[in-house]
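# Survey of secondary and tertiary structure
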Amino acid sequence: MSMGTSEAVLHVLSGAVPRLFSSDLCSSNLDLVFSSKYHIKSVNKKGSSYMQRFKCLRLARCQIGSYMCKPLGGGLYGNRAIGRLKLLRCKCERAESVSGVGMDEGNGAWFVDSAKKLNLNGSINSPNILEFEAVEQLKREKEGLTSNGTVGTGTSTFHKASVDSIEDEAWELLRDSMVYYCGSPIGTIAANDPTSSNVLNYDQVFIRDFIPSGIAFLLKGEYDIVRNFILHTLQLQSWEKTMDCHSPGQGLMPASFKVRTVPLDGDDSATEEVLDPDFGEAAIGRVAPVDSGLWWIILLRAYGKCSGDLSVQERVDVQTGIKMILRLCLADGFDMFPTLLVTDGSCMIDRRMGIHGHPLEIQALFYSALLCAREMLTPEDGSADLIRALNNRLVALSFHIREYYWIDMRKLNEIYRYKTEEYSYDAVNKFNIYPDQISPWLVEWMPNKGGFLIGNLQPAHMDFRFFSLGNLWAVASGLATTDQSHAILDLIEAKWADLVADMPFKICYPALEGREWQIITGSDPKNTPWSYHNGGSWPTLLWQLTVACMKMNRPEIAAKAISVAEKRISRDKWPEYYDTKKARFIGKQSHLFQTWSIAGYLVAKLLLADPNAAKILTTEEDSELVNAFSCMISANPRRKRGPKSLKQTYIV
């Protein structure tokens, strides 16, 4: 076998064909029915991560932690039953064996077709099977440019080839980050950085980090890994979670999980794989991940819309999981606001950054998850009250955010003239905001055209910082009105040098500095000014920016940001984040080959090539909500006051 052929086969086995052995009973995905008497053992990958090898062990059990795997449908992994006897005959392939992979067979044909479709800009590539051939082609084109001494068609050809090579590299890295459980892909690790000796928990599968990976696989037509992820994380939802004798709500989803190999009970010569979740008990700061469940619902809807497989969201266990998350979020409390009250560090910004209270990011995800859940919930008598509460919360939440979080030059001038200490049901300054809170930077920074949703709102406090994820997802979800959505994109264009600069996209602006940084972050050495969550630039935000731009039919903004990223992100080895005000440096503690930086770029490219695909993530403004807003605005605030009418009469 020639070197080229062997490299081609290795590339195929590396994960470019994720369903290569889908017909093999050992590696079939969620449609398998696992016998409780048998277990699949995954053998660690050797050398480069080209192949997950596994073999069947007798008298072993597939477990999650100390619990048996619960049925995920008609059996463990689906609604379609497959004869259990077939499972006993699973024959596992060795990585070195290539006898079953021929181009005249189904899997080989799939690989060729996928290679032809790899170019996302609309043109058809020749099958890019051998990596060294692509590199040689780039060298030849570059040498041709040097010898000719001219810049023209050769320049555009070289640029296109460079972009294609970046995409090829990104897909290879994304597949290398895949995690397997019982022989099936279940997620992607946070980072696969060979240069880092301090792994921490970056070798785990994070719920929020997997979202761009999952979307990339969905848009590529590879649905199994997303389906596996959805169903296995759902099982972890009911896991016993306790910290210092206290247990949070049952609907809480984990922040992350890790596949661990442990000795099999009663058989020291065999091992089994278990899922070890973290609900915040081991996280830095011990903060529960509020956003995990919200992202899970959003991904579940995206899976159904993209794959056309609605059977997953219609399953009883999945419907129960949705309701548990909703009940946790919609539970009554002391708060007078419809926004979710959370602690600092409960979302993407997972360290102390002064976002405790009602941060915009959580509210945008909350609104999006409510709309997605309403779309997926099956009507039944038992869920009528939940759907009613959901609809009421949607109306109140969207009104609250649009009315009180929005800021532009007109609103800023209005706040500047606020009267304080108003005791009245008709007060204009409802939250008793002091005009002196308006920072000098904001007065100079706010453009005449454009606006944004502030980061947080609490009594006597407005956080005027621009938080990117919250604003971008408010556009994608329809939480912001159409006019507000365009204004947010106008502001991004006007403040391009601050929010994008040398690498998209600033996580927040501006950074906390000086005494303010000391007090709010506790002098956090990782969140120093213009670093990490304190004004750092995160390439993964590229995909949320692209979703927002596609929804508002302004793809040129996303295309410009993607071209900025392509200049250096591959050369810099796909960092987690960038430092300095203009994103000039790779972050001082940034992990390289960060998976969601890779996946974020791929999703952005896929959506740019097919803008209609963004509809699996976006939701449109609800006409019922619009009507409800007009009623709320025109209503007398005192009209709703008074004792509630009792539906039942009780005789004491």
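None of these values were measured; they are calculated from a predicted model.

A count of helical and extended segments in the protein gives 22 helices and 15 strands. Within the protein, the proportion of its 652 residues that are buried is 56%. In the protein, 71% of the contacts between residues at least 6 apart in sequence involve partners at least 24 apart.

What follows deals with the sheet that holds strand 10 (residues 406–408). Read across the sheet, 4 strands follow the order 10-11-12-13 without closing on themselves; strand pairing throughout is antiparallel. Either end of the sheet is taken by a strand with one partner, and the two such strands are strand 10 and strand 13 (508–509). Looking at chain direction, strand 12 (residues 461–467) and strand 13 are connected through 2 bridges and run antiparallel. Paired with phenylalanine 467 across the strands is cysteine 508, a residue of strand 13. Along the sheet face, helix 13 (residues 409–416) touches strand 10 and strand 12 and points at about 100 degrees away from the line of strand 10. Where helix 15 (residues 468–477) meets the sheet, it contacts strand 11 (451–458), strand 12 and strand 13, and its direction lies at approximately 80 degrees from that of strand 12.

To continue, consider the environment of glutamate 513. Tracing the chain through its elements places glutamate 513 in the loop between strand 13 and helix 18 (514–521). The spatial distance from the C-alpha of glutamate 513 to the C-alpha of serine 523 is 9.9 Å, given a sequence separation of 10 residues. For glutamate 513, the contacting residues outside a window of four places in its chain are Pro529 and Trp530.

Turning next to the nonpolar core. Of all hydrophobic cores here, the largest spans 161 residues; its most connected members are Trp296, Ile322 and Ile492. It is helix 11 (residues 360–376) that contributes the most residues to this core, 12 residues altogether. Ignoring anything within four residues of it in the chain, the contact list for tryptophan 296 reads Ile230, Thr233, Leu234, Met253, Val318, Ile322 and Ile325.

The next point concerns the pattern of salt bridges. Under the criterion given, the structure shown has 21 salt bridges. Each of the salt bridges in this network shares a partner with another, and the network as a whole consists of Glu167, Glu566 and Lys605.

This next bit is on the packing of helix 10 (residues 316–330) against helix 11. Between two packed helices, the angle of one axis relative to the other and the distance separating the axes together describe the packing. At a closest axis distance of 11 Å, the pairing of helix 10 and helix 11 adopts a crossing angle of 140 degrees. Here helix 11 runs oblique to helix 10, going by the angle between their axes. You can see that helix 10 and helix 11 cross each other, and the crossing is left-handed. Counting all contacts with helix 10, which are made through Gln319, Ile322, Leu326, Cys329 and Leu330, the residues of helix 11 involved are Phe366, Leu370, Ala373 and Met376. Looking at side-chain class alone, the contact of helix 10 with helix 11 contains 8 nonpolar, 1 polar and no charged residues.

This paragraph deals with the sheet that holds strand 9 (residues 267–278). The 3 strands lie next to each other as 7-8-9, forming an open sheet whose pairing is antiparallel. Strands with a single pairing partner mark the edges of an open sheet, and in this sheet they are strand 7 (205–206) and strand 9. Strand direction decides the pairing type here: strand 8 (residues 256–264) and strand 9, joined by 9 bridges, are antiparallel. Bridge pairing links arginine 260 to valine 274 in strand 9.

Moving on, we get to unusual backbone geometry. Following proline 504, the chain continues into phenylalanine 505 via a peptide bond in cis, with omega recorded as 10 degrees. Within the element layout of this structure, phenylalanine 505 appears in the loop between helix 17 (496–499) and strand 13. In this chain, tyrosine 509 is followed by proline 510 through a cis amide linkage whose omega measures -5 degrees. Topologically, proline 510 is positioned in the loop between strand 13 and helix 18.

By the bridge criterion, 2 bridges tie strand 7 to strand 8 in an arrangement that is antiparallel. Each bridged residue has a counterpart across the sheet, and for phenylalanine 206 the counterpart in strand 8 is serine 256. The antiparallel hairpin formed by strand 8 and strand 9 contains 2 residues in its connecting segment, where glycine 266 sits at a positive phi of about 85 degrees.

Residues at a pLDDT of 70 or more form 69% of the protein, whose mean pLDDT is 78. Note on residues 1–152: pLDDT is under 50 here. Beyond four places in sequence and across chains, it has 272 contacts. Long-range and interchain partners of residues 647–652, a stretch whose pLDDT sits below 50, account for 0 contacts in this model, where long-range means more than four residues apart.

A word on the pairing of strand 11. Of all 8 residues in strand 11, 8 are buried, a share of seventy percent or more. In terms of strand pairing, strand 10 meets strand 11 through 3 bridges, oriented antiparallel. Across the sheet, aspartate 408 pairs through a bridge with glycine 451, a residue of strand 11. Examined bridge by bridge, strand 11 and strand 12 share 4 bridges and lie antiparallel to one another. Counterpart to isoleucine 454 in the pairing with strand 12 is phenylalanine 466. Linking strand 11 to strand 12, which pair antiparallel, is a turn of 2 residues; within it alanine 460 sits at a positive phi near 65 degrees.

This part covers the environment of leucine 491. With respect to the helices and strands, leucine 491 occurs in helix 16 (residues 482–494). Exposure remark for leucine 491: the relative accessible area of 0% places this residue in the buried category. Separated by 39 residues in sequence, leucine 491 and phenylalanine 452 place their C-alpha atoms 7.5 Å apart. With residues near it in sequence (within four places) discarded, leucine 491 still touches Trp445, Met446, Pro447, Gly450, Gly451, Phe452, Phe466 and Leu499.

Turning next to the packing of aromatic side chains. Considering all chains together, one arrives at 21 aromatic pairs under this definition. Look at phenylalanine 452 and phenylalanine 466: their rings are 5.4 Å apart centre to centre, the planes differ by 75 degrees, and that puts the pair in the edge-to-face class. Of this pair, phenylalanine 452 sits in strand 11 while phenylalanine 466 is found in strand 12, placing the two residues 14 residues apart along the sequence. Here phenylalanine 452 and phenylalanine 466 have matching classes, each one buried. On the basis of an interplanar angle of 65 degrees and a centroid distance of 5.7 Å, the ring pair of tryptophan 473 and tryptophan 543 is categorised as edge-to-face. Highlighted residues: tryptophan 473 in helix 15 and tryptophan 543 in helix 19 (residues 541–551), separated in sequence by 70 residues. Accessibility assignment for this pair places tryptophan 473 and tryptophan 543 in one class, buried. Through a chain of ring-to-ring contacts, three or more aromatic side chains come together here, namely Trp441, Trp445, Phe452, Phe466, Tyr509 and Trp530. The aromatic ring of tyrosine 532 is capped on one face by lysine 526, whose charged end is 4.3 Å from the ring centroid.

So, about the packing of helix 11 against helix 12 (residues 384–405). Where helix 11 meets helix 12, the axes come as close as 10 Å, and the angle between the chain directions of the two elements is 145 degrees. Classified by chirality, the crossing of helix 12 by helix 11 is left-handed. Of the residues in helix 12, those touching helix 11 at Leu360, Gln363, Phe366, Tyr367, Leu370, Leu371, Ala373 and Arg374 are Leu390, Asn391, Arg393, Leu394, Leu397, Ser398, Ile401, Arg402 and Tyr405. Its residues assigned to classes, the contact of helix 11 with helix 12 shows 11 nonpolar, 3 polar and 3 charged.

So, how was this worked out
Residues numbered from 1 in each chain as written. Predicted model: local features only at pLDDT ≥ 70, side-chain atom pairs only at ≥ 80, totals over all residues. Heavy atoms only, no water. Helix = DSSP H or I, 4+ residues; strand = E, 2+ residues; numbered from the N terminus. Buried < 20%, exposed > 50% of the residue type's maximum accessible area, 1.4 Å probe, protein only. Contact = heavy atoms within 4.5 Å. Pairing = 2+ DSSP bridges. Axes fitted to C-alpha atoms, helices over the stretch in contact; angles between N-to-C directions. Core = buried A, V, L, I, M, F, W, Y, C linked by side-chain atoms within 4.5 Å. Salt bridge = Lys/Arg side-chain N within 4 Å of Asp/Glu carboxyl O. Parallel < 35°, antiparallel > 145°, perpendicular 65-115°, else oblique. Left-handed = near helix turned anticlockwise from the far one by under 90°. Nonpolar A, V, L, I, M, F, W, Y, C, P; charged D, E, K, R; others polar. pLDDT = per-residue confidence, 0-100. Phe/Tyr/Trp six-rings, centres within 6.5 Å; stacked < 30°, edge-to-face > 60°. Lys NZ or Arg CZ within 6 Å of the ring centre and 35° of its normal.

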